Amino acid sequence: MADVARLAGVSSQTVSRVSTGHPGVVGSTREQVLAAMKQLGYRPNSAARALKRGEFRTIGVILFTLATTGNSRTVEAIANHAAEEGYAITLIPVASPTQDGLLGAFTRLGELAVDGVIVIMEVHLLDAATVSLPPGAQVVVVDSDAGDRYTVVDTDQADGARQAVRHLLDLGHRTVWHLTGPAGSFASQRRADAWRAILTEAGRPVPELRHGDWSAESGYRAGLELAAEPECTAVFAANDQMALGLLRAFHERGRRVPDGISVVGFDDIPDAASFIPPLTTVHQDFTAVGRLCVRAVLRQIRHEITEPGTTLVPTRLVVRASTAPPPPA
């Protein structure tokens, strides 16, 4: 740094400000310092700076899978918003959603030096009596039932499901069948609970629940069964991939969508508008979830006042061509 300062004709403090992106440096001076850095091959030592300041400008992200749409898009949003704040992310996948696996991930993050942690917990783990996060850790949790113990950010899963079911009932369908996600998923449980509650409140029959695993293949298998149910005129799938499988099965069995049967998904993935027919679905704002997660963990890192509790990001129904009134009796 001293060599750069001598070559650029400035103080070491000015070089430090330029290297950290401090705004209080005149443009011409900044260019002069950057040119000296380039000429000397100087690169700031982030590790040394972290030790000096006691901060690493890195956020750890713990998750159990990147395979699901929600997780992958949430991680993308977290990475983008962290970068806007001058932070990097360190991703730690956990193969087994257990207490040991979770604590092992925190240990690894401690060794890698992070300022805070975002845990994407889409499975039933944090609500178990034997599971807790390390005391004193700066933690934000995504998609869990840990609202009274930690800062939680989540999509309003229940309201999204309510919008989907009400849409189909308002079209005139007597009831709505549901293809749920994995049993261990919080999102799956909330969507199924809301589906059942809306039908019960409306005094409508509650059909037998069909189970999937988020994949299009599981939607296809369920669709072959539902296609054989003559009373089934409307299906709410817990995600768009399973809805895609339903569309394929109904096509193969001659159940035309939406003239003979209506389908609603959940997520509003980028390809949903290109399905045949274009899919009516519930839009999740993953960008907002990621932004709120980063903001919440940065408040903790900066020792601002924070309270445990859950922030829900609203959903909205996107109506396309896969839903219509039921066929005449």
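The rules behind these values
- Residues numbered from 1 in each chain as written.
- Predicted model: local features only at pLDDT ≥ 70, side-chain atom pairs only at ≥ 80, totals over all residues.
- Heavy atoms only, no water.
- Helix = DSSP H or I, 4+ residues; strand = E, 2+ residues; numbered from the N terminus.
- Buried < 20%, exposed > 50% of the residue type's maximum accessible area, 1.4 Å probe, protein only.
- Contact = heavy atoms within 4.5 Å.
- Areas by Shrake-Rupley, 256 points an atom, 1.4 Å probe, with all protein chains shown as cover.
- Core = buried A, V, L, I, M, F, W, Y, C linked by side-chain atoms within 4.5 Å.

Draft legend 1. Region of the structure containing the overall build of the protein. Scanning the protein from terminus to terminus reveals 11 helices and 12 strands. Looking at the protein as a whole, 48% of its 329 residues qualify as buried. Partitioning the contacts of the protein with sequence separation of at least 6, the portion at a separation of at least 24 is 71%. Approximately 15,600 Å² of the protein is accessible, and the part contributed by carbon and sulfur atoms is 51%.

Draft legend 2. The arrangement of the nonpolar core in detail. One finds Leu-226, Val-235, Leu-246, Phe-250 and Val-263 to be the most contacted residues of the largest nonpolar core, which totals 22 residues. When contributions to this core are tallied by element, the ones reaching two or more residues are β6 (177–180), α9 (216–227), β8 (234–237) and α10 (240–252). Residue contributions to this core peak at five residues, all from α10. Ignoring any residue separated from it by four or fewer positions in sequence, one finds Val-235 in contact with Leu-168, Val-176, Trp-177, Leu-226, Leu-246, Phe-250, Ile-261, Ser-262, Val-263 and Val-264. Among the nonpolar cores identified, the runner-up in size contains 21 residues, and Ile-59, Val-61, Val-289 and Val-297 belong to it.

Draft legend 3. Focus on the environment of Thr-306. For Thr-306, the location among the structural elements is in the loop between α11 (286–301) and β11 (309–313). Residue Thr-306 is classed as partly exposed on the basis of its relative accessible area, which comes to 31%. C-alpha separation for the pair Thr-306 and Ala-296, spaced 10 residues apart in sequence, amounts to 8.0 Å. Those residues in contact with Thr-306, other than ones at most four positions away along the chain, are Arg-299 and Gln-300.

All we've got here are geometric facts, nothing functional implied.
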